[in-house]
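# Observations on the model geometry
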Amino acid sequence: MYTLDQLRGFVAIAEEGHFGRAAERLRMTQPPLSRQIQKLERAVGVTLLERSAHGATPTPAGRAFLAEARRLLSQADAAVLVARRSAQGTSGTVRIAFTAVSALAVLGQWIAAAREHLPDVDLVLTEMVTRAQVDALLAGEIDVGLARGVPRSDVLSARLVYAEPLVLAVPRGHPLAALGRRPRLADIAAHDLVTYAPIEARYLYELVITVFRDAGVMPRYVQQMGQVHSLLALVDAGVGAALVPHSASVLRLPNLEFVDVDGLAPDLVEVHSVWRTGNDAPALHALLGLVGR
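Definitions and limits used
Residues numbered from 1 in each chain as written. Predicted model: local features only at pLDDT ≥ 70, side-chain atom pairs only at ≥ 80, totals over all residues. Heavy atoms only, no water. Helix = DSSP H or I, 4+ residues; strand = E, 2+ residues; numbered from the N terminus. Expected span 1.5 Å × (residues − 1). Buried < 20%, exposed > 50% of the residue type's maximum accessible area, 1.4 Å probe, protein only. Arc of directions from axis to C-beta. Contact = heavy atoms within 4.5 Å. Pairing = 2+ DSSP bridges. Core = buried A, V, L, I, M, F, W, Y, C linked by side-chain atoms within 4.5 Å. Axes fitted to C-alpha atoms, helices over the stretch in contact; angles between N-to-C directions. Parallel < 35°, antiparallel > 145°, perpendicular 65-115°, else oblique. Nonpolar A, V, L, I, M, F, W, Y, C, P; charged D, E, K, R; others polar. Salt bridge = Lys/Arg side-chain N within 4 Å of Asp/Glu carboxyl O. Left-handed = near helix turned anticlockwise from the far one by under 90°.

## Quick look at helix 3 (residues 30-44)
When the terminal C-alpha atoms of helix 3 are compared, their 21 Å separation across 15 residues agrees well with the 21 Å that a helix rising 1.5 Å per residue should span. What helix 3 keeps buried is the set Leu33, Gln36, Ile37, Leu40 and Glu41. The buried side chains of helix 3 occupy one side of the element, clustering within an arc of 135 degrees when seen end-on.

As structure tokens, this is what we get:
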């Protein structure tokens, strides 16, 4: 089988038309170059160069082989570059899962950072609730998730990447929007409230339960929804008010308005990046290095 050095020698001779000039180009002496070409011709099984006192030119078989030799050398050089980029994390694939609201708050920043600094890294994006993200991470089906309320685990690593307040979503003209001041949780508890499903949206369900319990009030829950956009659709329809992450306020509906709530911490709602601790993919860690908080 021929070697890459033999191919480089043949291409140099074919382009220079002379063994001596090709040897100079390759920074070697002529005798070893001649031996390389002899070995190459034996491996290929045909004469590739027509030798003469004035130099060397490719035979018809040599001209056909020249195009393939250039292609093989180009692929070999590209393979080295791909390996180096992969090792540096500047190429490859990162599979990202995200919740619906984390897409509004965080995902766009991640995509922009990857496009600017890691243009050869492909991002594969999938919407998943947090519970499904954890299962997919453990199964190796995704590389990183943008999730809420991630359970502690020795096999998963997590990093806080975003925090925001809860705000009140109300139908336009609702009494809570006409108080002349920020409503308190006690004010909100006096009205019908749309909240989150305890299984599909466990993190937000427990968060809303906790803030009302800590305030010492019990709201009137009238409906439960698994997704924030579905919950806002019910608010828009006049079913009730709802506490939602501030990032959800970009979702504008005709009969919807958002009101700040008095007495709530500004960083109640958290988004974490989560990845399998044993995942050492360079592209993943290059991305995490760009977007780490």
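Moving on from the coordinates now.
## A closer look at the environment of Val211
Along the polypeptide, Val211 turns up in helix 8 (residues 202-214). In sequence terms Val211 and Thr99 are 112 residues apart; their C-alpha atoms lie 22 Å from each other. Other than its neighbours up to four places away in sequence, Val211 contacts Leu185, Leu243, Leu264 and Leu268.

## Here we look at the pairing of strand 2 (residues 55-58)
In this structure, strand 1 (residues 49-52) lies alongside strand 2, joined through four bridges in antiparallel fashion. When the bridges of strand 2 are listed, Ser52 appears paired with Gly55. Linkage of strand 1 to strand 2, two consecutive antiparallel strands, is achieved through a turn of two residues.

## Notes on the nonpolar core
Within the largest apolar cluster, 35 residues are counted, with the highest numbers of intra-cluster contacts made by Leu168, Ile188, Phe212, Leu232, Leu243 and Val244. Of all the secondary structure elements, the ones that give two or more residues to this core are strand 7 (166-171), helix 7 (185-188), strand 8 (192-196), helix 8, helix 9 (228-236), strand 10 (242-245) and strand 11 (256-259). Setting aside residues no more than four positions away along its own chain, Leu243 makes contact with Leu166, Val167, Leu168, Leu185, Ile188, Tyr196, Val208, Val211, Phe212 and Val261.

## Some thoughts on the packing of helix 1 (residues 4-16) against helix 3
Two quantities define a packed helix pair, namely the angle between the helix axes and the distance between the axes. Two elements in contact, helix 1 and helix 3, have axes whose closest approach is 9 Å; the angle formed by their N-to-C orientations is 105 degrees. Taken together, the axes of helix 1 and helix 3 lie roughly perpendicular to each other. Contacts from Asp5, Gln6, Leu7, Gly9, Phe10 and Ile13 of helix 1 reach helix 3 at Leu33, Gln36, Ile37, Lys39 and Leu40. Taken together, the residues of the contact of helix 1 with helix 3 sort by class into six nonpolar, three polar and two charged.

## What to know about unusual backbone geometry
At Arg27, a residue that is not glycine, the phi angle is positive and equals roughly 60 degrees. Following the sequence through the fold, Arg27 ends up in the loop between helix 2 (19-25) and helix 3.

## Focus on the pattern of salt bridges
Pairing between side chains of opposite charge can happen when the charged atoms of each approach one another. If you walk through the whole model with that rule in mind, you get twelve salt bridges. For Glu15, the salt bridge is made with Arg25, and the minimal N-O distance between the two is 2.6 Å. Of the two residues, Glu15 sits in helix 1 while Arg25 sits in helix 2, which places them ten residues apart along the sequence. Note that Arg71 is salt-bridged to Glu68, the shortest N-O span being 2.6 Å. Remark: Glu68 and Arg71 occur in helix 4 (residues 60-88); sequence separation between them is three residues, near one turn of the helix. On the accessibility criterion, Arg71 (40% relative accessible area) is partly exposed. Among the charged side chains, a network of salt bridges with common partners joins Glu15, Glu16, Arg25 and Arg70.

## Overview of the packing of helix 5 (residues 100-117) against helix 10 (residues 282-291)
Two elements in contact, helix 5 and helix 10, have axes whose closest approach is 10 Å; the angle formed by their N-to-C orientations is 115 degrees. If you check the angle between helix 5 and helix 10, you find them roughly perpendicular. The two elements helix 5 and helix 10 cross, and the hand of that crossing is right-handed. Along the contact surface, helix 5 presents Trp110, Ala113, Ala114 and His117, while helix 10 presents Leu287, Leu288, Leu290 and Val291. Partitioned by chemical class, the residues of the contact of helix 5 with helix 10 number seven nonpolar, one polar and no charged.

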